[in-house]
Amino acid sequence: MTAEIIDGKAFAAGLRARVGDAAAAFEAQAGRKAGLAVVLVGEDPASAVYVRSKGKATIAANMASFEHRLPADTGQDSLIALVDRLNADPAVDGILVQLPLPAHLDEQEVLLRIDPDKDVDGFHPVNAGRLATGMEGFVPCTPLGCLMLLKDQLGDLSGKDAVVIGRSNIVGKPMAALLTAASATVTLAHSRTKDLPGHVSRADIVVAAVGRAGFVKGEWLKPGATVIDVGINRTDNGLTGDVEFDSAASVAGAITPVPGGVGPMTIACLLRNTLVAAHRREGLQLDQAAL
Ligand code: GUN
């Protein structure tokens, strides 16, 4: 079998276009643009690239982008003061503080300070709790993008056996919560899991988020499985995922490539979350199922 390649880049472009149309409609109704504030502390080159592309994508989607670039030696108090100002700013619907922060800053205190109703990254524990209990909130962008690709590929996920590999707060845990809410039967595997190949061999859906190049082997997979590869690992052969692509593509039914799979979905979902935040703050309806 040769797997279908899931084109995350094309899906993300479509989502960004739909969000852009809905953002234009929001502006007409609300009399202002939906706004996303992105905070970057320091000069980490990879973070600077991400922040620039987030800003461009925000403007292209008919939203306002507020970029705050602070020097690497910014103190905790001034960063907290900026978050407080953004929390209080009526033009700002979403706040994203780019991670990682320089080592002298307390990341947890900063993330806790963001108003949960502007937390479009979905990293605040209030939003993690809302997701875990089925309340309306914000879901982290990468797992949300994975779920959208899975639903587009498979339709109803109910009763599917899913294995999520990796238990991070940003991907693995929210991914498991989303799949559970979609009525899949979920195994959340991690570095201490016994017989990972055995678990994977029974899975209709495999989401790999471990950060180790080529960790998941094709021979572990159930024939026809849908494989979502969240890994972005820099190797001598360029960017590679957490799944050994060639062996997996000969067994899986469908698989995301790296790059061009999950990656482009993350910014698209950030824009989606920002638009949702703007509608909630203005008390306006948004048909999320149509996005
Ligand atoms: N750094 C890398 N990815 C992300 C992300 O999705 N959100 C934030 N805040 N920082 C990141």
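Residues numbered from 1 in each chain as written. Predicted model: local features only at pLDDT ≥ 70, side-chain atom pairs only at ≥ 80, totals over all residues. Heavy atoms only, no water.

In the nomenclature of an unreviewed UniProt entry, the protein corresponds to Bifunctional protein FolD from the organism Sphingomonas koreensis. Per UniProt, the protein carries the Pathway (unreviewed entry) text "One-carbon metabolism; tetrahydrofolate interconversion." In UniProt, the protein has this text filed under Subunit (unreviewed entry): "Homodimer." (UniProt positions renumbered as here; feature names shortened; annotations may be inferred.)

Counting its secondary structure elements, the protein contains 10 helices and 11 strands. Relative to the 2.2 N^0.38 estimate, which gives 19 Å for 291 residues, the radius of gyration of the protein is 19 Å and therefore close to what a compact globule would have. Counting only C-alpha atoms, the protein reaches 50 × 40 × 35 Å along its principal axes. Counting all 291 residues of the protein, 49% fall into the buried class. Within the protein, contacts between residues at least 6 apart in sequence are counted, and of these 70% link residues at least 24 apart. Total accessible area on the protein stands at roughly 13,000 Å², and carbon and sulfur atoms take up 52% of it. Of the side chains in the protein, 27 bear a positive and 33 a negative charge, and the two mean positions are spaced by 1 Å. (Helix = DSSP H or I, 4+ residues; strand = E, 2+ residues; numbered from the N terminus. Rg over C-alpha atoms; globule rule 2.2 N^0.38 Å. Buried < 20%, exposed > 50% of the residue type's maximum accessible area, 1.4 Å probe, protein only. Contact = heavy atoms within 4.5 Å. Areas by Shrake-Rupley, 256 points an atom, 1.4 Å probe, with all protein chains shown as cover. Lys, Arg positive; Asp, Glu negative; His and termini not counted. Charge placed at Lys NZ, Arg CZ, Asp CG, Glu CD.)

Time to look at the site of the ligand. As a structural note, the neighbourhood of the ligand is formed by Leu96, Val97, Gln98, Leu99, Asp121 and Phe123. Contact distances for the ligand include 2.8 Å between a nitrogen atom and a backbone N or O atom of Val97. Contact distances for the ligand include 2.5 Å between a nitrogen atom and a side-chain N or O atom of Asp121. (Near = heavy atom within 4 Å. Polar contact = N/O pair within 3.5 Å; in protein donor to acceptor, adjacent residues only side chain to side chain.)

Quick look at a negative patch on the surface now. Where like charges cluster on the molecular surface, the negative patch consists of Asp77, Asp106, Glu107 and Glu109. Among the structural elements, Glu109 can be located in helix 4 (residues 107-113). (Patch = residues over 30% accessible without salt bridge, like charges linked within 9 Å, V, L, I, M, F, W, Y side chains within 5 Å. Salt bridge = Lys/Arg side-chain N within 4 Å of Asp/Glu carboxyl O.)

All right, on to the environment of Leu188 then. As for its position among the elements, Leu188 is in strand 6 (residues 185-189). What makes Leu188 partly exposed here is its relative accessible area of 31%. For the pair Leu188 and Pro259, spaced 71 residues apart in sequence, the C-alpha separation works out to 24 Å. Filtering out sequence-adjacent residues up to four positions away, Leu188 remains in contact with Val164, Gly166, Arg167, Gly172, Lys173 and Ala176.

Here we take up the nonpolar core. In this structure, Leu179 and Ile228 are the most contacted members of the largest nonpolar core, which totals 56 residues. When residues of this core are traced back to their parent elements, those giving at least two are helix 1 (8-30), strand 2 (35-41), helix 2 (45-60), helix 6 (141-154), strand 5 (161-165), helix 7 (172-181), strand 7 (205-208) and helix 10 (263-282). For this core, the element with the highest residue contribution is helix 10, accounting for 10 residues. In contact with Leu179, not counting residues within four places along its chain, are Leu147, Leu150, Leu157, Ala162, Val164, Ala184 and Val186. Ranked by size, the runner-up nonpolar core spans 19 residues in total, among them Val163, Ile165, Val206 and Ala249. (Core = buried A, V, L, I, M, F, W, Y, C linked by side-chain atoms within 4.5 Å.)

What follows deals with helix 10. A rise of 1.5 Å per residue sets the reference length of helix 10, with its 20 residues, at 28 Å; its end C-alpha atoms lie 30 Å apart and thus fit the reference within 8%. Counting buried positions over the 20 residues of helix 10 gives 14, a clear majority of the element. Where helix 10 ends, the next residue or the one after it, Gly283, has phi of about 65°, a positive value. (Expected span 1.5 Å × (residues − 1).)

This next bit is on the pairing of strand 6. By the bridge criterion, 5 bridges tie strand 5 to strand 6 in an arrangement that is parallel. Bridge pairing in strand 6 links Val164 to Leu188. In this region the chain leaves strand 5, passes through helix 7 and returns to the parallel neighbour strand 6; the handedness of that crossover is right-handed. (Pairing = 2+ DSSP bridges. Right-handed = clockwise from strand over helix to strand, strands pointing away.)

Right, let's get into a nonpolar patch on the surface. Among the surface-exposed residues, Tyr50, Ile232 and Leu239 lie close enough to one another that they form a single nonpolar patch of about 260 Å² accessible area. Looking at where Tyr50 falls in the secondary structure, it is placed in helix 2.

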